[in-house]
Amino acid sequence: MGRRLVRLAHSFFYAFIDFVYPPLCLVCYCRLEDDERFVCERCWTSFPLVEQPLLLADQLDVLHNRKKYFDHSLVIFHYSETIQNLIHLMKYKSLPGIATLFGRAIGHLVQERKIFYDLDMIIPVPLHSLRYRERGFNQATLIAREIGRLTQIPVKDKVLKRIRYTRQQAKFNKEERAENVRNAFRVTDASIVKEKNVALVDDVLTTGSTMNECAKVLRQCGARQITTITIVRI
Ligand SMILES: [Zn+2]
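Rules used in this analysis
Position numbers for residues count from 1 along each chain, tracking the sequence in the order it is written. Totals for whole chains, interfaces and linings use all residues, but because this is a predicted model, local features are given only for residues with pLDDT of at least 70 and pairs of side-chain atoms are given and counted only at 80 or more. Take the buried Ala, Val, Leu, Ile, Met, Phe, Trp, Tyr and Cys residues, join any whose C-beta atoms are within 7 Å, and the set you get is a nonpolar core. Burial is judged by counting other C-beta atoms within 10 Å of a residue's own C-beta: 20 or more means buried, 12 or fewer means exposed, and anything between counts as partly exposed, with every C-beta placed from the backbone. Per the convention used, a helix needs a DSSP run of H or I reaching at least four residues, while a strand needs a run of E reaching at least two, with both numbered from the N terminus. An automatic or database domain assignment supplies the start and end points of every domain. At least two DSSP bridges between two strands are needed for those strands to be called paired. Under this scheme, a helix contributes an axis fitted over its contacting stretch, all axes are lines through C-alpha atoms, and angles between N-to-C directions fall in the 0 to 180 degree range. The contact criterion used here is simple: two residues whose C-beta atoms, placed from the backbone, lie within 7 Å are in contact. Each residue gets one of three labels, nonpolar for Ala, Val, Leu, Ile, Met, Phe, Trp, Tyr, Cys and Pro, charged for Asp, Glu, Lys and Arg, and polar for the others, Gly among them.

Q: Break down the nonpolar core for me, with residues and values.
A: Membership of the largest hydrophobic core comes to 55 residues, with the highest contact counts inside it found for Ile106, Ile143, Leu200, Val201, Cys214 and Leu218. Among the elements that take part in this core, helix H4 (residues 97-112) stands out by supplying eight residues, more than any other. Here this core spans two domains, since at least three of its residues come from each of domain 1 (1-46) and domain 2 (48-233).

Q: Could you give me a rundown of the sheet that holds strand S8 (residues 226-230), with the residues and numbers involved?
A: The strand order across the open sheet built from five strands is S1-S2-S8-S6-S3, with neighbouring strands paired in mixed fashion. The sheet is open, and its two borders are formed by strand S1 (54-56) and strand S3 (121-124), each paired with just one other strand. Direction aside, neighbouring strands of the sheet carry axes that sit 25° apart on average. Where S1 meets strand S2 (residues 72-75), three bridges bridge the pair, whose relative direction is antiparallel. Its bridge partner being in S2, Leu55 is matched across the sheet by Ser73. Each of S3 and strand S6 (198-201) is contacted by helix H6 (residues 139-151), which is oriented at about 165° to S3, the strand it contacts most.

Q: Lay out the environment of Ile122 with the relevant residues and their values.
A: Residue placement: Ile122 occurs in strand S3. C-alpha separation for the pair Ile122 and Ala199, spaced 77 residues apart in sequence, amounts to 4.8 Å. Excluding anything up to four places from it in sequence, Ile122 contacts Ala144, Ile147, Gly148, Ile153, Val155, Ala199 and Val201.

Q: I'd love a proper account of the pairing of S6, names of residues and values included.
A: In S6, alternate side chains face the same way, and those of Val198 and Leu200 on one face and Ala199 and Val201 on the other are all buried. Bridging between S6 and S8 involves four bridges; their strand directions are parallel. What sits directly across from Val198, in S8, is Ile226.

Q: Can you lay out the domain arrangement of the protein for me, pointing to particular residues and giving the numbers?
A: Each assigned domain of the protein is listed with its residue range as follows: domain 1 (1-46) and domain 2 (48-233). The distance between the C-alpha centroids of domain 1 and domain 2 comes to 30 Å. Listed per partner, the contact involves five residues of domain 1 and seven residues of domain 2. Of the residues contributing to the side of domain 1 that touches domain 2, the split by class is four nonpolar, no polar and one charged.

Take a look at the structure:
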């Protein structure tokens, strides 16, 4: 069979699947339009945006008596159960496409409000290679790439490496989380971040321990301004 024929068979196959199982919105279960993926337009626009997306690290209610190594924190949405469910589906039910939707929303916000005109690079919080193999993708990288695509800010996904396999932060309390990620990251090439303004991207900011640990090693390598970017702060 020629390649074109195979491709044709494929598209017929998927058209058939769509016909039998039309893609539904993960939030309201309505049938999605052709240009919609995972979540319908109406649900997306109903997610409450935070009024002040960019805050100083000192304004955050995290890492109380510990030094904060990042300067700013940007989030796009207010925390809600719906958003948390979507993040859960993205990470644990292998729906990486949702990460691209979140990245797109953040990218548009950054463009519209002209945040980050002096940002040199976007760095996703890395997964350990074992976890990557387990999950098959890093949601932080996918979010970062979409922000990068829209803003033209380069994404450096090799500069930070997770050198220790850590258990999932969700299983621990505040103190244990800090301990769990201590010395878990390394910068592979300090010259890339030296005197640069960087944004660290992850899906959520909870106690801030993971982001702070990443920011610490970047700071040690001479990074100038560090901003964390996440979908929500929990
Ligand atoms: Zn919907």
